[in-house]
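# Coordinate analysis (summary)
So the chains spell out like this:
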Amino acid sequence: MPLPYLLLDIDGVLIPFPAADGSTPPTHVRHTVLPTGRHPDDPVAIWLDPSQGGILTDLLTSGLVTPVWCTSWRKDATTIIGPLLGLPDFPYIDLPRPRITTSHPDGYLWKRDHVDTWLAEAPAVWIDDDFTSLDHAWASERTARGTPTLLVQPDPHLGLQPDHLTEVTKWVARLSAARAA
């Protein structure tokens, strides 16, 4: 069995959404970035927790997972977000740019059909803030068919927390032990 993929989203995971009062977690630092296609006079403000870079790097370079960006930031994940956190370079899934008005046009996360095709039968941990019950059912069905799949869903206003990475690390260690047995 190949190493599990670690699919990592950005918005709501590494960049928390502001609370109703406009606040962001005090651990996060504001950056102004210029994503691909944006006019230089129209940059985007984002907030990142600088401590997440080191914590994520430990997991991403552990040799227990194969990291892949799974985000609408696409290539900008590798050229903007990763470098701001000091993350090693890793690939991204080239997701389409659908014309949708909701993240769940079919009742589940719009990325899922593309991810399902891309993963094929590979095991995966997918960290995203926007799953529905249908996505969790999909992960359970994959796991029941023998393709281990873990969904981790941070609160979009807090983003990725240490306990999420502990959950991922424990899951990957159990999977690795089962493969070795």
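Residues numbered from 1 in each chain as written. Predicted model: local features only at pLDDT ≥ 70, side-chain atom pairs only at ≥ 80, totals over all residues. Heavy atoms only, no water.

## A closer look at the overall build of the chain
- The helix and strand inventory of the chain stands at five helices and six strands.
- Reading the secondary structure of the chain in the N-to-C direction produces β-β-β-α-β-α-α-β-α-β-α.
- A compact globule built from 181 residues should have a C-alpha radius of gyration of about 16 Å, and the chain, at 16 Å, falls within 12% of that.
- Once the C-alpha set of the chain is aligned to its principal axes, its extents read approximately 55 × 35 × 30 Å.
- Nonlocal contacts in the chain, meaning residues at least 24 apart in sequence, comprise 64% of its contacts between residues at least 6 apart. (Helix = DSSP H or I, 4+ residues; strand = E, 2+ residues; numbered from the N terminus. Rg over C-alpha atoms; globule rule 2.2 N^0.38 Å. Contact = heavy atoms within 4.5 Å.)

## So, the side chain of His-164
- With respect to the element layout, His-164 can be found in helix α5 (residues 162–180).
- You can call His-164 buried: its relative accessible area is 11%.
- With near-sequence residues (within four places) excluded, His-164 lies in contact with Val-152, Gln-153, Pro-154 and Gly-159. (Buried < 20%, exposed > 50% of the residue type's maximum accessible area, 1.4 Å probe, protein only.)

## Observations regarding the sheet that holds strand β1 (residues 5–8)
- Pairing in this open sheet of four strands is parallel, and the strands run β4-β1-β5-β6 from one edge to the other. The open sheet has two edge strands, β4 (66–69) and β6 (149–152), and neither has a second partner. On average, each strand axis in the sheet is tilted by 15 degrees relative to the strand beside it, whichever way the strands run. (Pairing = 2+ DSSP bridges. Axes fitted to C-alpha atoms, helices over the stretch in contact; angles between N-to-C directions.)

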